[in-house]
Amino acid sequence: MKDLLWNSLGVLLLCPFLACSPRHKEPISSSPKDTSPILLKVDTSIPFKWPSNLEVEKITYLKPIAGYLVSYVDKLIISPENNLFYILDRNQSKIFVFEKSGLPKQIFDRKGDGPGEYLEICDVEIDFENDILEILDYLKLKKYKLSTFEYISTEDLRDLPRDKNFTNFTRICDVLYLWTPLPPNQLVSEKELGTHHLLRVENGSNSFHVEKKYGVMDANIFYPASAKNEYNISARLGSTDILGVAKDSVYTKFRFDYGDKEIPEIELMNYWENKYEILTSEYYKPPQTIRETKDYLFFRFSGGSRAHNVLYDKNAKAVISIGQITSKIDPIIILSDSIYLYGYMPSAILVDYIENGGELSESPLFKDLDPTSLEKDENPIIVKFRLPYPKNQK
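Residues numbered from 1 in each chain as written. Predicted model: local features only at pLDDT ≥ 70, side-chain atom pairs only at ≥ 80, totals over all residues. Heavy atoms only, no water.

S.K.: Honestly, unusual backbone geometry in this entry has me stumped. Any pointers?
M.R.: With the exception of glycine, most residues fall at negative phi, and the peptide bonds are largely trans. In the Ramachandran plot, Cys-173 falls in the positive-phi region, its phi being about 60° despite a non-glycine side chain. Secondary-structure assignment places Cys-173 in the loop between strand E12 (168-172) and strand E13 (175-179). The class for Cys-173 is partly exposed, based on a relative accessible area of 28%. The backbone of Val-210 sits at a positive phi, close to 60°, despite the residue not being glycine. For Val-210, a relative accessible area of 12% gives the class buried. (Helix = DSSP H or I, 4+ residues; strand = E, 2+ residues; numbered from the N terminus. Buried < 20%, exposed > 50% of the residue type's maximum accessible area, 1.4 Å probe, protein only.)

Okay, structure coming up:
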């Protein structure tokens, strides 16, 4: 099982059923109105804490499917009616579907090398309005009918320009965005080497964004933003900015400052040769696991062997809580929308915690969970919760 403190999951929630017409035409690259970065300072004696008055809306137990267990929740997509959960498990290259009650419904499993099959699911997006499930399988985008998993078509990406090591994608209306980490030491010609991480494709026209600098470390891109048809992406190494991606713009959305904890540029210049030493150093790494609601921003960053959570009030432009994660049952925040955050926790971790004398009452998220209902061999638990309204709102 992957370490919860280290994995920075990403989750893609597509909202194609929402209107795609932008409120106004924005430039393809822009900067935030307020460019003053927020200084982030960690007091190691103060751990991160969720607000004690947060509201847990629902806890869902995901039941096993015919003996198959979800090994890891890499991405969670929820249907517009909130009645179906789609969970991507990259370890197994499967998509598990659950009803809102937690009962299993079906498994998308077409792995193979035959017609309509795939080698691996790198990323997934769902168009609920048009009943389409789309996956990224190396250099191909493959579409299936969502309701039946019947194969529809394949879009070949090999003719796109520059670097083609695509790991993530999203569609915003008729715009396709593709992300590549630009891995080093590629055996390709000079004209095929990429200079940017983000490729934008619209009606056969291509443009590049997020220029290559030292590298990237976030395995999950395109975190749903609080606004419709927008996403957040993590910064490159050497930056603490959070970037916004909309239909017609890629821009700097949030700016933070690590002070003297930022990785020195001389270290970043040798990143690929000293990757392990840099990633395990005490310097702070770029924001990951970015989750945004209308009023709050949550993300994680690592420093040395420790992971830190940040909860930021967007209205007050102030940090509510920042610190090391000390709770053994702190969930991974796997999804967000304009109101709610969604966390997940493997049942086995909760059971071990209780068996070793831990009390669920100590957690604002799991305090009402019945400990007798847990079993080690079950699928993860999904907790849906909301943070308190800001004081100036009802």
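Additional details are given in the paragraphs that follow.
S.K.: I would appreciate a short explanation of the environment of Pro-364 in the present structure.
M.R.: Looking at the element boundaries, Pro-364 is found in the loop between helix H3 (347-355) and strand E27 (381-386). Put simply, Pro-364 and Leu-54 are 310 residues apart on the chain and 7.2 Å apart in space, counted from C-alpha to C-alpha. Beyond its immediate chain neighbours, meaning those up to four positions away, Pro-364 contacts Trp-50, Pro-51, Leu-54 and Val-56. (Contact = heavy atoms within 4.5 Å.)

S.K.: Honestly, the sheet that holds strand E4 (residues 75-78) in this entry has me stumped. Any pointers?
M.R.: Paired through backbone hydrogen bonds, the strands of a sheet run either parallel or antiparallel to each other. The strand order across the open sheet built from four strands is E4-E5-E6-E7, with neighbouring strands paired in antiparallel fashion. The sheet is open, and its two borders are formed by E4 and strand E7 (104-108), each paired with just one other strand. Looking at each pair of strands side by side, their axes are set apart by 20° on average, direction ignored. Bridge analysis of strand E5 (residues 84-89) against strand E6 (residues 94-99) gives six bridges, and the strand direction is antiparallel. Note that in E6 the partner of Tyr-86 across the bridge is Val-97. (Pairing = 2+ DSSP bridges. Axes fitted to C-alpha atoms, helices over the stretch in contact; angles between N-to-C directions.)

S.K.: It is not clear to me how the environment of Phe-149 should be interpreted in this structure. Could you clarify?
M.R.: Within the element layout of this structure, Phe-149 appears in the loop between strand E10 (140-145) and strand E11 (151-156). In this structure, Phe-149 is in contact with Val-97, Gln-106, Ile-107, Phe-108, Arg-110, Leu-133 and Tyr-144, ignoring residues within four places of it in sequence.

S.K.: Looking at this model, I keep getting lost on the sheet that holds strand E23 (residues 306-313). Mind explaining?
M.R.: Across the sheet, four strands lie side by side as E21-E22-E23-E24; this open sheet has antiparallel pairing. Only two strands of the sheet have a single neighbouring strand rather than two, namely strand E21 (288-292) and strand E24 (318-324). Averaged over all adjacent pairs, the angle separating strand axes in this sheet is 15°, with direction ignored. Of the pairings in the sheet, the one linking strand E22 (residues 296-303) to E23 comprises eight bridges and is antiparallel in character. Counterpart to Phe-301 in the pairing with E23 is His-308.

S.K.: Sorry, what's going on with the packing of aromatic side chains here?
M.R.: Each aromatic ring pair is described using two quantities: the centre-to-centre distance and the angle formed by the ring planes. Enumeration over the complete set of coordinates arrives at 17 aromatic pairs. Plain terms: the ring middles of Phe-48 and Phe-298 are 6.3 Å apart, the flat faces sit at 70° to each other, and that makes the pair edge-to-face. You can see Phe-48 sitting in the loop between strand E2 (38-39) and strand E3 (55-61) and its partner Phe-298 sitting in strand E22, a full 250 residues away along the chain. Between Phe-108 and Phe-149, the ring centres sit 5.0 Å apart and the planes meet at 65°, which makes this aromatic pair edge-to-face. With Phe-108 in strand E7 and Phe-149 in the loop between E10 and E11, this pair connects stretches of sequence that are 41 residues apart. Feature note: the residues Phe-108, Tyr-118, Tyr-144, Phe-149 and Tyr-151 constitute an aromatic cluster, connected by ring pairs. The side chain of Lys-384 reaches across the aromatic face of Tyr-340, ending 4.4 Å from its centre. Over the ring of Tyr-340 we find Arg-386; its NZ or CZ atom is 5.9 Å from the centre of that ring. (Phe/Tyr/Trp six-rings, centres within 6.5 Å; stacked < 30°, edge-to-face > 60°. Lys NZ or Arg CZ within 6 Å of the ring centre and 35° of its normal.)

S.K.: Where do I start with empty space enclosed by the protein in this structure?
M.R.: Empty space among the atoms can be located by rolling a probe the size of a water molecule over them. Taken as a whole and assessed by the stated rule, the structure comprises two cavities of 30 Å³ or more. Volume-wise, the largest cavity comes out at about 70 Å³. Along its surface, the largest cavity is lined by Gly-238, Ser-239, Thr-240, Tyr-258, Glu-262, Ile-263, Tyr-284, Lys-285 and Pro-286. Looking at the lining of the largest cavity, its residues break down into four nonpolar, three polar and two charged. Of the pockets and cavities examined, the second largest cavity occupies roughly 40 Å³. As for the second largest cavity, its lining consists of Pro-161, Arg-162, Asp-163, Phe-166, Leu-178, Thr-180, His-196, His-197, Leu-198, Leu-199 and Phe-208. With four residues, the single largest contributor to the lining of the second largest cavity is strand E14 (residues 196-202). (1 Å grid on protein atoms, 1.4 Å probe; cavity = no way out; pocket = protein on both sides within 12 Å on 5 of 7 lines; lining within 4 Å. Points joined across faces, edges and corners; volume = space filled by probe spheres on them. Nonpolar A, V, L, I, M, F, W, Y, C, P; charged D, E, K, R; others polar.)

S.K.: Quick question: what am I supposed to make of the nonpolar core here?
M.R.: Note that soluble globular proteins tend to have their nonpolar side chains buried in a common cluster. Trp-50, Leu-350, Phe-366, Phe-385 and Leu-387 are the most contacted members of the largest nonpolar core, which totals 22 residues. Counting residues per element, the ones that place at least two in this core are E22, strand E26 (341-345), H3 and E27. For Phe-366, the contacting residues outside a window of four places in its chain are Ile-329, Pro-331, Met-345, Leu-350, Leu-360 and Val-383. Counting 18 residues, the second largest nonpolar core, distinct from the first, contains Leu-62, Ile-78, Phe-85 and Tyr-344. (Core = buried A, V, L, I, M, F, W, Y, C linked by side-chain atoms within 4.5 Å.)

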